[in-house]
Amino acid sequence: MHAFLSLNMRQKLSVFLILVLAMALWVIDAIDDLSHGSDATHIATEGIILAIIAFWVITITLRYFTTNRQNIQIRSDLAAVRKDLENYRRETAHLAKGLGLKIDEQLEKWQMTKAEKEVALLVLKGFSNKEISDIRGTAEKTTIQQVSAIYQKCGLHNRAEFAAFFLEDLLLPQ
């Protein structure tokens, strides 16, 4: 069953159609065997094979409709989340812009270079030194030196203190 679930939709449809065709052929063969007086063992064997194929056809059909229903629900949920996110962004755009300006002003007060400002913003967004290096196309050693210079210029010691400097007043009191 696991191998079947990993197939794409076209492949699943092909398997389904092959099983339905096999069922039809077995039914035709069983009718022919009955009309020619085949023994009960042969008819029973073909009946068991037909039952197994019917079981898989029913299982595949039910799985398809269940998965399809789940996909529809997931798409609906995703659309709702995207709408909520867009509303949130629209409602908070002025706040984000204001915070961005305040962060930029503070980085200017600390006399950060343009490169240090870029790195500082990426640090605030939560990126690791490696990720920052990849984003900026620089060596990780360069990023580590820039992060160290940022901490030195602002008198803070690590990412947590740096982020807290800008964000702690945004948190609601307990």
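Data block above holds the structure.
Residues numbered from 1 in each chain as written. Predicted model: local features only at pLDDT ≥ 70, side-chain atom pairs only at ≥ 80, totals over all residues. Heavy atoms only, no water.

K.L.:
Help me out: how do you make sense of the pattern of salt bridges in this one?
P.N.:
Opposite charge on two side chains makes pairing possible when the charged atoms of those side chains draw close. Counted under the stated rule, the structure contains 7 salt bridges. The salt bridge involving Glu 118 is made with Arg 136; its shortest N-O contact spans 3.0 Å. Of this pair, Glu 118 sits in helix H4 (residues 114-124) while Arg 136 sits in helix H5 (residues 129-136), and the two are 18 residues apart along the sequence. Asp 134 is the salt-bridge partner of Lys 130, the closest N and O atoms lying 3.2 Å from each other. (Salt bridge = Lys/Arg side-chain N within 4 Å of Asp/Glu carboxyl O. Helix = DSSP H or I, 4+ residues; strand = E, 2+ residues; numbered from the N terminus.)

K.L.:
Whenever I open this one, the environment of Phe 127 confuses me. Can you help?
P.N.:
Within the fold, Phe 127 resides in the loop between H4 and H5. Setting aside chain neighbours within four positions, we find Phe 127 in contact with Leu 122, Ile 132, Ile 135 and Arg 159. (Contact = heavy atoms within 4.5 Å.)

K.L.:
Got a minute to help me understand the nonpolar core in this structure?
P.N.:
General note: in soluble globular proteins, nonpolar side chains tend to be found buried as a group. In this structure, Leu 107, Trp 110, Val 123, Ile 150 and Phe 162 are the most contacted members of the largest nonpolar core, which totals 16 residues. Those residues in contact with Leu 107 that lie beyond four places of it in its chain are Met 112, Lys 117, Ala 120, Leu 121, Phe 162 and Phe 166. One finds Leu 19, Ala 22, Ile 53 and Ile 60 within the second-largest nonpolar core, a separate group that totals 5 residues. (Core = buried A, V, L, I, M, F, W, Y, C linked by side-chain atoms within 4.5 Å. Buried < 20%, exposed > 50% of the residue type's maximum accessible area, 1.4 Å probe, protein only.)

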